[in-house]
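Reading the structure
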Amino acid sequence: MDSPPPSSRVYENIFQSLPIIQNAAPPSPPEPLSWQDDVGLSLCFVAILTLTAVANVFFCIPRRSDPASPAASEGVSEAQQGLRQKEGRVDTHALTGLRGFAALHVALGHYCAISPVHVDLIGGASMSFFYLLSGFVMTLGYAKDLVAADSSSNLANFNKRRFWRNRFARLFPMYMLTNIVYFLVLHFSWQGPGMLSSTNFDWNLALTFLGLNMWIYPLDAWLPTDAVCCQHQVALPSNFVTWTVQTMAVFYIVFPYMLPWLKAVKRRRLVIHMLFWLQAVTFLSIVSFGVFALKNFNVGYWSARAWPLSRIPVFAMGCLAAVERIHGGGHVTCRFRTADAGGEARRWGWRASVLGACYVLILTAGVVLNE
């Protein structure tokens, strides 16, 4: 019997190693739940997701806008305004390096998981950092003057349509291009049975173009599996790594409505801690419910990790950290390059180093225990 071509073997290894797209049904797949037969579990799961959404969206409800007032910059030349903006600009170069390390962790995690090494480096653990960083940078870039302590700017002047149009123009074309290219490569390279002819694939392809895979993924637990093609009815997008774009799209939708809340919060350190524990409790609750009640780890894990409304707390933490930095707070961030930082900079440097070492140790332990 002739062996398949190298390209086919590569894709076969990829799909067989991914839980969300498999060429054959698992040996003993869990029975799909039914809304009629498992009303209790269904309502419980929906209640958890609903409470998560309510608790998370609660932090994005606008409270009140500042009254309109004349701009403080009247009579100031453009050169002086540019100088002020330059002097007040927050240096984010260090975040670029951190973003690079996180991206390498994710990339190496994917590679090692589907390579002959078959070692899961838990690259997904770095995704929360991207959510956090997105909120931090977005607040600095779009709302720095609006949320400043002495700002007289009217929050109602924030141009939502322009903001959303810019976000759409920056992300959607590349999102569509990579998914189309991936589909074409799959179409001309995949020679396994059933993949492209499956109704599941057509269904998920439509969801990919609409950007809705991650929005409806929790429904997967109650949909029947396809024994010919895939274990899941609702899978990740065609180019599966672009699920992050679908999840982060909700951050861009709610960000303009978060501005009044960001400006109104006074005890930002306390609220950041509360958001952290809110995210930890809701994440673990949804994962545990998927594992022990639904007997389906993938549905619980992906619902908790990628369902857009469940990740708002991490994004909000980044936004509040940026507001704290704008106000000059030192208990969340610290200006390492200033000459007057002194012992405070050293203390925060040690804290960051210790936390980074703990993070690496936890990841190492997870990799070892996961094998």
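Rules of the game
- Position numbers for residues start from 1 in each chain and track the written sequence from start to end.
- In keeping with the model being predicted, local features are shown solely for residues with a pLDDT of at least 70 and side-chain atom pairs are shown and tallied solely at 80 or more, while totals for entire chains, interfaces and linings include all residues.
- Where side-chain values are given, they derive from all heavy atoms of the structure, hydrogens and water being excluded.
- Only runs of H or I of at least four residues qualify as helices and only runs of E of at least two qualify as strands under DSSP, and these elements are numbered from the N terminus.
- Partly exposed residues are those whose accessible area sits between 20% and 50% of the maximum for their type, while under 20% is buried and over 50% is exposed, using a 1.4 Å probe and protein chains only.
- Residue contacts are defined here by distance: any two heavy atoms, one from each residue, within 4.5 Å place the two residues in contact.
- For every residue, the predictor assigns a confidence score, pLDDT, that lies between 0 and 100.
- Aromatic pairs are defined between Phe, Tyr and Trp rings, using the six-membered ring for Trp, whenever the two ring centres lie within 6.5 Å; interplanar angles under 30 degrees are classed as stacked, those over 60 as edge-to-face, and all others as tilted.
- By convention in these notes, a salt bridge is any Lys or Arg side-chain nitrogen within 4 Å of a carboxyl oxygen on Asp or Glu.
- Helix span, as expected, comes to 1.5 Å for every residue beyond the first.
- A residue's bend is the angle separating two fitted axes: one through the seven residues that end there, the other through the seven that start there.
- Pairing of N or O atoms within 3.5 Å defines a polar contact, subject to two protein rules: one partner must be a possible hydrogen donor and the other a possible acceptor, and residues neighboring in sequence count only if both atoms are side-chain atoms.
- UniProt positions are given in the numbering used here, feature names are shortened, and annotations may be inferred rather than shown by experiment.
- Surface patches are defined over residues having more than 30% relative accessible area and no salt bridge, joining like charges when they lie within 9 Å and nonpolar side chains (Val, Leu, Ile, Met, Phe, Trp, Tyr) when within 5 Å.
- Here the open area of atoms and residues is found with the Shrake-Rupley method and a 1.4 Å probe, where only the protein chains shown may cover a residue.
- Buried Ala, Val, Leu, Ile, Met, Phe, Trp, Tyr and Cys residues that are joined via side-chain atoms within 4.5 Å together make up what is termed a nonpolar core.

**Remarks on the overall build of the protein**
- Helix and strand counts for the protein stand at 13 helices and 0 strands.
- Reading the helices (α) and strands (β) of the protein from amino to carboxyl end gives α-α-α-α-α-α-α-α-α-α-α-α-α.
- Looking at the 371 residues of the protein, the share that counts as buried comes to 42%.
- The long-range share in the protein, meaning contacts at least 24 apart out of those at least 6 apart in sequence, stands at 76%.

**Looking at the confidence of the model for the protein**
- Overall, the prediction assigns the protein a mean pLDDT of 74, with 68% of residues at 70 or greater.
- Note that pLDDT drops below 50 for residues 1-27; the model gives that stretch 44 contacts with residues more than four away or on any other chain.
- Note that pLDDT drops below 50 for residues 64-87; the model gives that stretch 12 contacts with residues more than four away or on any other chain.

**Regarding the packing of aromatic side chains**
- Under the defined criterion, the tally for this structure stands at 16 aromatic pairs.
- These aromatic residues form a ring-pair network of at least three members: Tyr131, Tyr142, Phe158, Phe163, Phe251, Phe255 and Phe315.

**A word on the pattern of salt bridges**
- Scanning the model with the defined rule gives 1 salt bridge in all.
- Of the charged contacts, one joins Arg268 and Glu324 as a salt bridge, the two residues approaching to 2.6 Å between their closest N and O atoms. With Arg268 in helix 10 (residues 268-293) and Glu324 in helix 12 (residues 312-326), the pair connects residues that are 56 residues apart, well separated along the chain.

**Brief notes about helix 6 (residues 160-189)**
- With 30 residues, helix 6 should cover 44 Å at 1.5 Å per step; its first-to-last C-alpha distance of 43 Å lies within 8% of that length.
- At Ala169, helix 6 is bent by approximately 30°, the largest bend along its length, and proline Pro173 sits one to four residues beyond.
- Of the residues that open helix 6, the one with a side-chain oxygen 3.4 Å from the backbone nitrogen of Arg161 is Asn159.

**A word on the UniProt feature "transmembrane region" (unreviewed entry) in the protein**
- Cross-referencing UniProt, the feature "transmembrane region" (unreviewed entry) maps to residues 39-61, 129-147, 168-190, 243-262, 274-294 and 348-369 in the present numbering.
- Secondary structure over residues 129-147 splits into 74% helix and 0% strand, and the C-alpha atoms at its two ends are 23 Å apart.
- Span residues 243-262 is 100% helix and 0% strand, its end C-alpha atoms 27 Å apart.

**Examining the side chain of Ser310**
- Within the secondary structure layout, Ser310 lies in the loop between helix 11 (297-306) and helix 12.
- For Ser310, the side chain forms a polar contact with the main-chain oxygen of Trp307, separated by 2.6 Å.

**A look at a nonpolar patch on the surface**
- On the surface, Met174, Leu177, Val181 and Val185 cluster together into a nonpolar patch covering about 330 Å² of accessible area.
- Within the secondary structure, Met174 sits in helix 6.

**Details of the nonpolar core**
- Ranked by internal contacts, the top residues of the largest apolar core, which has 65 residues, are Phe255, Leu259 and Trp261.
- In contact with Phe255, not counting residues within four places along its chain, are Met138, Thr139, Tyr142, Ala143, Phe158, Phe163, Phe315 and Cys319.

**What to know about unusual backbone geometry**
- With phi around 55°, Ile122 is a residue other than glycine that occupies positive phi space.
- Position of Ile122 among the secondary structure elements: in the loop between helix 4 (93-114) and helix 5 (127-142).
- Of note, Lys295 is a non-glycine position whose phi angle comes to about 55°, a positive value.
- With respect to the helices and strands, the residue Lys295 is situated in the loop between helix 10 and helix 11.
- In this structure Lys295 comes out as exposed when scored by relative accessible area, which is 58%.

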